Amino acid sequence: MKKIGIYLSLAVLLLSVGCSDWTQMEPVDQQPVRPSEQNPELWAQYTAALRAYKAGKHTLVVASFENGSTNPTSEKDCLRSLPDSLDAVSLTNADNFSAYDAEDLAVLKEKGTRVLYFVDYATRSNEWADLGALGSYLDQVVARTQELGLDGLSFSGQPTYGDEASQQVQQAVASLFLQKFGAVAGPGKSLTLFFEGDPQFLTAEQRAQVDYIVLDTKTTDNASNLKLQVLRALEMENVSEDRLLLGAMTEYEFLDEDKAASDAISALALRIPELGPLGGLCIYDANTDYFGSEIIYASTRAAIQLLNPCLLYTSPSPRDISGSR
(Lines give C-alpha, C1' and ligand atoms only; values in the text may rest on other atoms or scores of the structure.)
Protein backbone atom coordinates (compact mmCIF):
# COMPACT_ATOMS: atom_id res chain seq x y z
CA MET A 1 0.00 0.00 0.00
CA LYS A 2 2.88 2.32 0.78
CA LYS A 3 4.32 1.78 -2.72
CA ILE A 4 0.94 2.42 -4.31
CA GLY A 5 0.67 5.69 -2.41
CA ILE A 6 4.11 6.74 -3.59
CA TYR A 7 3.23 5.92 -7.21
CA LEU A 8 -0.02 7.90 -6.99
CA SER A 9 1.79 10.91 -5.56
CA LEU A 10 4.35 10.78 -8.36
CA ALA A 11 1.60 10.49 -10.98
CA VAL A 12 -0.24 13.52 -9.59
CA LEU A 13 3.00 15.50 -9.51
CA LEU A 14 3.84 14.60 -13.11
CA LEU A 15 0.31 15.41 -14.31
CA SER A 16 0.35 18.77 -12.61
CA VAL A 17 3.65 19.65 -14.22
CA GLY A 18 2.47 18.39 -17.64
CA CYS A 19 -0.82 20.27 -17.52
CA SER A 20 1.01 23.44 -16.56
CA ASP A 21 3.25 23.08 -19.62
CA TRP A 22 0.38 22.21 -21.97
CA THR A 23 -1.88 25.09 -20.93
CA GLN A 24 0.69 27.86 -20.91
CA MET A 25 -0.76 30.90 -22.68
CA GLU A 26 1.22 32.37 -25.57
CA PRO A 27 0.28 35.55 -27.47
CA VAL A 28 -0.67 35.01 -31.13
CA ASP A 29 -0.56 37.83 -33.65
CA GLN A 30 -3.92 37.79 -35.49
CA GLN A 31 -3.92 41.20 -37.13
CA PRO A 32 -6.44 41.11 -40.02
CA VAL A 33 -5.08 41.85 -43.47
CA ARG A 34 -7.70 43.76 -45.45
CA PRO A 35 -8.24 43.16 -49.20
CA SER A 36 -6.63 46.50 -50.09
CA GLU A 37 -3.47 45.32 -48.33
CA GLN A 38 -3.46 41.81 -49.75
CA ASN A 39 -3.32 42.92 -53.38
CA PRO A 40 -3.38 46.73 -53.74
CA GLU A 41 -3.29 46.65 -57.54
CA LEU A 42 -6.27 44.29 -57.87
CA TRP A 43 -8.14 46.25 -55.19
CA ALA A 44 -7.61 49.49 -57.11
CA GLN A 45 -8.96 47.86 -60.29
CA TYR A 46 -11.96 46.53 -58.40
CA THR A 47 -12.92 49.82 -56.73
CA ALA A 48 -12.43 51.67 -60.03
CA ALA A 49 -14.87 49.23 -61.65
CA LEU A 50 -17.33 49.77 -58.80
CA ARG A 51 -17.21 53.55 -59.17
CA ALA A 52 -17.65 53.30 -62.93
CA TYR A 53 -20.65 51.01 -62.51
CA LYS A 54 -22.31 53.35 -60.00
CA ALA A 55 -21.68 56.37 -62.21
CA GLY A 56 -23.40 54.66 -65.15
CA LYS A 57 -27.06 54.01 -65.84
CA HIS A 58 -28.46 51.18 -63.71
CA THR A 59 -31.17 50.38 -61.17
CA LEU A 60 -30.37 51.91 -57.79
CA VAL A 61 -30.28 49.98 -54.52
CA VAL A 62 -30.10 52.08 -51.35
CA ALA A 63 -30.00 50.99 -47.72
CA SER A 64 -31.29 52.59 -44.54
CA PHE A 65 -28.72 52.03 -41.77
CA GLU A 66 -28.76 52.81 -38.05
CA ASN A 67 -25.26 54.19 -37.61
CA GLY A 68 -23.68 55.76 -34.56
CA SER A 69 -22.44 52.70 -32.68
CA THR A 70 -19.72 53.64 -30.18
CA ASN A 71 -18.97 50.01 -29.32
CA PRO A 72 -19.70 47.72 -32.31
CA THR A 73 -20.53 44.16 -31.26
CA SER A 74 -20.17 42.69 -34.75
CA GLU A 75 -19.90 43.62 -38.40
CA LYS A 76 -23.64 44.36 -38.53
CA ASP A 77 -22.87 47.62 -36.70
CA CYS A 78 -20.24 48.71 -39.22
CA LEU A 79 -20.88 50.69 -42.38
CA ARG A 80 -17.88 49.03 -44.02
CA SER A 81 -19.80 45.74 -44.09
CA LEU A 82 -22.53 46.96 -46.41
CA PRO A 83 -22.38 45.28 -49.83
CA ASP A 84 -19.78 46.93 -52.06
CA SER A 85 -22.24 47.40 -54.94
CA LEU A 86 -24.74 49.37 -52.87
CA ASP A 87 -25.36 52.80 -54.41
CA ALA A 88 -26.11 54.80 -51.27
CA VAL A 89 -26.76 54.48 -47.56
CA SER A 90 -29.14 56.71 -45.59
CA LEU A 91 -27.92 57.24 -42.01
CA THR A 92 -30.86 57.11 -39.60
CA ASN A 93 -28.73 58.21 -36.63
CA ALA A 94 -26.66 60.81 -38.44
CA ASP A 95 -26.96 63.25 -35.52
CA ASN A 96 -24.69 60.88 -33.60
CA PHE A 97 -22.07 60.20 -36.26
CA SER A 98 -19.40 58.20 -34.40
CA ALA A 99 -15.65 57.77 -34.73
CA TYR A 100 -16.30 54.29 -36.15
CA ASP A 101 -18.61 55.81 -38.78
CA ALA A 102 -15.89 58.28 -39.73
CA GLU A 103 -13.39 55.46 -40.13
CA ASP A 104 -15.74 53.50 -42.39
CA LEU A 105 -16.69 56.58 -44.42
CA ALA A 106 -13.36 56.52 -46.24
CA VAL A 107 -13.98 52.89 -47.25
CA LEU A 108 -17.42 53.73 -48.66
CA LYS A 109 -16.07 56.68 -50.61
CA GLU A 110 -13.40 54.48 -52.18
CA LYS A 111 -16.19 52.20 -53.41
CA GLY A 112 -18.29 55.10 -54.68
CA THR A 113 -21.11 54.50 -52.17
CA ARG A 114 -22.98 57.73 -51.42
CA VAL A 115 -23.65 58.49 -47.75
CA LEU A 116 -26.78 60.51 -46.91
CA TYR A 117 -27.70 62.47 -43.79
CA PHE A 118 -31.30 61.45 -43.05
CA VAL A 119 -33.81 63.60 -41.14
CA ASP A 120 -36.93 61.64 -40.20
CA TYR A 121 -39.46 64.47 -39.95
CA ALA A 122 -42.40 62.05 -40.33
CA THR A 123 -41.47 60.38 -37.03
CA ARG A 124 -40.02 63.37 -35.16
CA SER A 125 -42.46 66.12 -36.19
CA ASN A 126 -43.55 66.70 -32.58
CA GLU A 127 -40.01 67.83 -31.76
CA TRP A 128 -40.25 70.66 -34.28
CA ALA A 129 -43.60 72.29 -33.72
CA ASP A 130 -41.62 75.53 -33.77
CA LEU A 131 -40.54 76.14 -37.36
CA GLY A 132 -37.79 78.45 -36.16
CA ALA A 133 -36.25 75.59 -34.18
CA LEU A 134 -36.62 73.29 -37.19
CA GLY A 135 -34.90 75.82 -39.45
CA SER A 136 -31.97 76.15 -37.03
CA TYR A 137 -31.64 72.38 -36.85
CA LEU A 138 -31.66 72.03 -40.65
CA ASP A 139 -28.91 74.66 -40.88
CA GLN A 140 -26.86 72.51 -38.51
CA VAL A 141 -27.58 69.40 -40.59
CA VAL A 142 -26.36 71.09 -43.78
CA ALA A 143 -23.22 72.36 -42.04
CA ARG A 144 -22.51 68.95 -40.52
CA THR A 145 -23.06 67.21 -43.87
CA GLN A 146 -20.48 69.45 -45.49
CA GLU A 147 -18.08 69.16 -42.55
CA LEU A 148 -18.14 65.35 -42.67
CA GLY A 149 -17.91 65.26 -46.45
CA LEU A 150 -21.14 63.30 -46.88
CA ASP A 151 -22.67 62.91 -50.33
CA GLY A 152 -26.25 63.96 -49.84
CA LEU A 153 -29.32 64.62 -47.73
CA SER A 154 -32.61 62.80 -47.25
CA PHE A 155 -35.79 63.64 -45.38
CA SER A 156 -39.21 62.12 -44.76
CA GLY A 157 -42.68 63.58 -44.48
CA GLN A 158 -46.26 62.44 -44.00
CA PRO A 159 -49.04 64.31 -45.86
CA THR A 160 -51.85 65.88 -43.86
CA TYR A 161 -55.41 65.51 -45.14
CA GLY A 162 -57.09 67.32 -42.25
CA ASP A 163 -58.10 70.93 -41.73
CA GLU A 164 -56.67 73.89 -43.63
CA ALA A 165 -54.42 74.96 -40.75
CA SER A 166 -52.71 71.55 -40.69
CA GLN A 167 -52.17 71.65 -44.43
CA GLN A 168 -50.64 75.10 -44.17
CA VAL A 169 -48.17 73.79 -41.57
CA GLN A 170 -47.28 70.90 -43.88
CA GLN A 171 -46.64 73.30 -46.77
CA ALA A 172 -44.48 75.51 -44.54
CA VAL A 173 -42.43 72.52 -43.36
CA ALA A 174 -41.91 71.19 -46.88
CA SER A 175 -40.88 74.67 -48.08
CA LEU A 176 -38.41 74.96 -45.21
CA PHE A 177 -36.78 71.63 -46.06
CA LEU A 178 -36.44 72.56 -49.73
CA GLN A 179 -35.15 76.02 -48.83
CA LYS A 180 -32.41 74.64 -46.56
CA PHE A 181 -31.53 71.37 -48.28
CA GLY A 182 -32.25 72.58 -51.81
CA ALA A 183 -29.56 75.25 -51.50
CA VAL A 184 -26.85 72.57 -51.62
CA ALA A 185 -28.56 69.37 -52.83
CA GLY A 186 -30.79 68.27 -55.67
CA PRO A 187 -30.64 68.19 -59.47
CA GLY A 188 -27.59 70.08 -60.70
CA LYS A 189 -26.21 70.51 -57.16
CA SER A 190 -23.10 69.01 -55.60
CA LEU A 191 -25.09 66.82 -53.19
CA THR A 192 -27.84 64.26 -53.87
CA LEU A 193 -31.29 64.88 -52.39
CA PHE A 194 -33.78 62.13 -51.50
CA PHE A 195 -37.33 62.41 -50.20
CA GLU A 196 -38.76 59.38 -48.38
CA GLY A 197 -42.52 59.09 -48.06
CA ASP A 198 -45.76 59.92 -49.86
CA PRO A 199 -45.00 62.40 -52.71
CA GLN A 200 -48.23 64.23 -51.75
CA PHE A 201 -46.23 65.80 -48.90
CA LEU A 202 -44.49 67.96 -51.54
CA THR A 203 -45.94 70.29 -54.14
CA ALA A 204 -45.33 69.55 -57.82
CA GLU A 205 -42.63 72.24 -57.91
CA GLN A 206 -40.94 70.80 -54.82
CA ARG A 207 -40.93 67.28 -56.28
CA ALA A 208 -38.86 68.57 -59.17
CA GLN A 209 -36.23 69.80 -56.69
CA VAL A 210 -35.35 66.34 -55.36
CA ASP A 211 -33.28 63.76 -57.20
CA TYR A 212 -35.19 60.69 -56.01
CA ILE A 213 -38.42 59.85 -54.21
CA VAL A 214 -38.60 56.69 -52.07
CA LEU A 215 -42.25 55.66 -51.97
CA ASP A 216 -43.48 54.63 -48.53
CA THR A 217 -44.13 50.96 -49.32
CA LYS A 218 -42.04 49.45 -46.52
CA THR A 219 -45.15 48.16 -44.73
CA THR A 220 -47.12 47.31 -47.88
CA ASP A 221 -47.71 43.58 -47.64
CA ASN A 222 -49.46 42.59 -50.87
CA ALA A 223 -49.11 43.01 -54.63
CA SER A 224 -52.49 44.69 -55.21
CA ASN A 225 -51.87 47.53 -52.76
CA LEU A 226 -48.34 47.97 -54.07
CA LYS A 227 -49.57 48.48 -57.63
CA LEU A 228 -52.19 51.00 -56.50
CA GLN A 229 -49.57 53.00 -54.56
CA VAL A 230 -47.21 53.09 -57.52
CA LEU A 231 -49.91 54.07 -60.01
CA ARG A 232 -51.16 56.82 -57.71
CA ALA A 233 -47.66 58.21 -57.27
CA LEU A 234 -46.89 58.17 -60.99
CA GLU A 235 -50.08 60.13 -61.70
CA MET A 236 -48.67 63.05 -59.70
CA GLU A 237 -46.86 65.82 -61.51
CA ASN A 238 -43.04 65.59 -61.47
CA VAL A 239 -42.95 61.98 -60.28
CA SER A 240 -41.26 59.97 -63.01
CA GLU A 241 -40.57 56.24 -63.11
CA ASP A 242 -36.79 56.61 -63.20
CA ARG A 243 -36.78 58.79 -60.06
CA LEU A 244 -39.18 56.63 -58.03
CA LEU A 245 -37.84 53.97 -55.66
CA LEU A 246 -39.77 51.42 -53.62
CA GLY A 247 -39.16 51.00 -49.91
CA ALA A 248 -38.84 47.45 -48.53
CA MET A 249 -38.40 46.29 -44.95
CA THR A 250 -36.08 43.45 -43.98
CA GLU A 251 -37.74 40.38 -42.48
CA TYR A 252 -41.17 41.53 -43.75
CA GLU A 253 -43.63 39.19 -45.45
CA PHE A 254 -45.22 40.03 -48.81
CA LEU A 255 -48.14 38.29 -50.55
CA ASP A 256 -48.19 38.00 -54.34
CA GLU A 257 -51.29 37.94 -56.57
CA ASP A 258 -51.92 34.28 -55.66
CA LYS A 259 -51.53 34.96 -51.91
CA ALA A 260 -48.19 33.15 -51.84
CA ALA A 261 -45.81 34.61 -49.24
CA SER A 262 -42.20 35.66 -49.73
CA ASP A 263 -39.82 38.18 -48.23
CA ALA A 264 -40.58 41.79 -49.16
CA ILE A 265 -37.10 42.63 -50.46
CA SER A 266 -37.04 39.99 -53.19
CA ALA A 267 -40.76 40.48 -53.96
CA LEU A 268 -40.43 44.23 -54.53
CA ALA A 269 -37.18 43.82 -56.44
CA LEU A 270 -38.97 41.49 -58.87
CA ARG A 271 -41.72 44.08 -59.43
CA ILE A 272 -39.49 47.10 -60.06
CA PRO A 273 -38.95 46.21 -63.77
CA GLU A 274 -42.61 45.38 -64.42
CA LEU A 275 -44.04 48.47 -62.69
CA GLY A 276 -41.84 50.88 -64.61
CA PRO A 277 -39.10 50.05 -64.79
CA LEU A 278 -38.76 52.11 -61.62
CA GLY A 279 -35.62 53.82 -60.38
CA GLY A 280 -34.75 51.27 -57.74
CA LEU A 281 -35.15 49.92 -54.23
CA CYS A 282 -34.51 51.25 -50.72
CA ILE A 283 -33.95 48.55 -48.08
CA TYR A 284 -34.90 49.68 -44.58
CA ASP A 285 -33.30 48.43 -41.34
CA ALA A 286 -30.34 46.93 -43.15
CA ASN A 287 -28.60 46.30 -39.82
CA THR A 288 -31.03 43.48 -39.04
CA ASP A 289 -30.26 41.67 -42.29
CA TYR A 290 -27.10 39.98 -41.06
CA PHE A 291 -26.45 36.25 -41.22
CA GLY A 292 -22.84 35.67 -40.21
CA SER A 293 -19.44 36.08 -41.78
CA GLU A 294 -20.15 33.87 -44.79
CA ILE A 295 -23.17 35.80 -46.11
CA ILE A 296 -23.28 39.42 -44.98
CA TYR A 297 -26.50 41.27 -45.87
CA ALA A 298 -27.54 38.42 -48.14
CA SER A 299 -30.93 39.86 -49.10
CA THR A 300 -29.41 43.20 -50.06
CA ARG A 301 -26.75 41.60 -52.22
CA ALA A 302 -29.32 39.36 -53.89
CA ALA A 303 -31.52 42.38 -54.71
CA ILE A 304 -28.60 44.27 -56.24
CA GLN A 305 -27.71 41.35 -58.47
CA LEU A 306 -31.33 40.68 -59.39
CA LEU A 307 -31.88 44.28 -60.50
CA ASN A 308 -28.45 44.62 -62.14
CA PRO A 309 -27.46 41.22 -63.56
CA CYS A 310 -24.83 42.84 -65.76
CA LEU A 311 -22.90 43.67 -62.58
CA LEU A 312 -21.83 40.03 -62.35
CA TYR A 313 -19.97 40.35 -65.64
CA THR A 314 -18.64 43.88 -65.72
CA SER A 315 -16.44 43.89 -62.61
CA PRO A 316 -14.37 41.48 -60.52
CA SER A 317 -16.44 39.39 -58.16
CA PRO A 318 -16.97 41.17 -54.83
CA ARG A 319 -16.56 37.82 -53.12
CA ASP A 320 -13.14 37.32 -54.71
CA ILE A 321 -11.92 40.70 -53.55
CA SER A 322 -13.66 41.44 -50.27
CA GLY A 323 -14.29 37.99 -48.89
CA SER A 324 -17.77 38.15 -47.42
CA ARG A 325 -18.84 41.22 -49.38
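You'll find the structure just up there.
The sections below set out a description of the structure shown in this document. (Residues numbered from 1 in each chain as written. Predicted model: local features only at pLDDT ≥ 70, side-chain atom pairs only at ≥ 80, totals over all residues. Heavy atoms only, no water.)

### Side note on the overall build of the protein
Cut-off, in case you're wondering: Per the convention used, a helix needs a DSSP run of H or I reaching at least four residues, while a strand needs a run of E reaching at least two, with both numbered from the N terminus. Exposure is judged per residue with a 1.4 Å probe applied to protein chains only, and the accessible area is read against the type maximum: over 50% gives exposed, under 20% gives buried, and values in between give partly exposed. In this description, contact between two residues means that some pair of their heavy atoms is separated by no more than 4.5 Å. Shrake-Rupley sampling with a 1.4 Å probe provides the accessible areas, and residues are treated as covered by the protein chains on show and by no other component.
Helix and strand counts for the protein stand at 13 helices and 10 strands. Residue burial in the protein is summarised as follows: out of 325 residues, 46% are buried. Sequence-distant contacts, at least 24 apart, represent 72% of the contacts inside the protein between residues at least 6 apart. Counting every atom, the protein has about 16700 Å² of accessible surface; 53% of that belongs to carbon and sulfur.

### A look at the pattern of salt bridges
Cut-off, in case you're wondering: When a carboxyl oxygen of Asp or Glu lies within 4 Å of a side-chain nitrogen of Lys or Arg, that pair is called a salt bridge.
One pass over the full model with this rule turns up 11 salt bridges. Between K109 and D151 there is a salt bridge, with the nearest N and O atoms lying 3.2 Å from each other. Residue K109 is located in helix α4 (residues 99-111), and its partner D151 is located in the loop between α6 (131-148) and β4 (152-157); the two are separated by 42 residues in the primary sequence. Given the relative accessible area of 35%, K109 is considered partly exposed. With a closest N to O distance of 3.2 Å, K180 and D139 form a salt bridge.

### Quick look at the sheet that holds strand β6 (residues 212-215)
Counted only if it meets this: Two strands qualify as a pair provided that DSSP identifies no fewer than 2 bridges between them. Helix axes are fitted to C-alpha atoms over the stretch in contact, other axes to C-alpha atoms as well, and angles between N-to-C directions run from 0 to 180 degrees.
A barrel is described by the order of its strands in space; here eight strands give the closed sequence β1-β2-β3-β4-β5-β6-β7-β10, paired in parallel fashion. Between one strand and the next, the sheet's axes are offset by a mean angle of 25°, whatever the strand orientation. One ladder, built from six bridges, connects β4 with strand β5 (residues 192-197); its direction is parallel. Among the inter-strand pairings, G157 is bridged to a residue of β5, identified as G197. Of the strands in this sheet, β7 (244-249) and β10 (280-284) touch helix α10 (residues 264-274), which is tilted by about 160° from β7.

### A few points about the nonpolar core
Under the convention used in this document: Nonpolar cores were defined as sets of buried Ala, Val, Leu, Ile, Met, Phe, Trp, Tyr and Cys residues, with membership established by side-chain atoms within 4.5 Å.
One finds F155, F177, F181 and L281 to be the most contacted residues of the largest nonpolar core, which totals 67 residues. Not counting chain neighbours up to four residues away, the residues in contact with F181 comprise V119, L138, V141, V142, L153, S154, F155 and L193. Core analysis: the next-biggest nonpolar cluster, separate from the first, contains 11 residues, V62, Y212, V214 and M249 among them.

### Concerning α4
This is how it is decided: At every residue, the bend is computed as the angle between two fitted axes, covering the seven residues ending there and the seven beginning there respectively.
The largest bend along α4 measures about 25° and falls at L105. Buried residues of α4: D101, D104, L105, L108 and K111, and no others.

### Looking at the environment of F155
Topologically, F155 is positioned in strand β4. The buried category is assigned to F155, whose relative accessible area is 0%. When the C-alpha atoms of F155 and E196 are compared, they prove to be 6.0 Å apart, with 41 residues separating the residues in sequence. Among residues more than four places away in sequence, those in contact with F155 are F118, V119, F177, L178, F181, L193, F194, F195, E196, F201 and L202.

### Describing the packing of α10 against helix α11 (residues 298-307)
What counts, and what does not: Orientation is classified from the angle alone, with under 35 degrees giving roughly parallel, over 145 giving roughly antiparallel, 65 to 115 giving roughly perpendicular, and any other angle giving oblique. When the near helix sits turned anticlockwise from the far one by under a right angle, the crossing is termed left-handed; a clockwise turn instead gives a right-handed crossing.
Interaxial distance between α10 and α11 falls to 10 Å at its minimum, and their mutual angle equals 15°. Considered as vectors, α10 and α11 are oriented roughly parallel to each other. Crossing hand, α10 versus α11: right-handed. Between α10 and α11, the residues in contact are I265, S266, A269, L270, I272 and P273 and S299, A303, L306 and L307, respectively.

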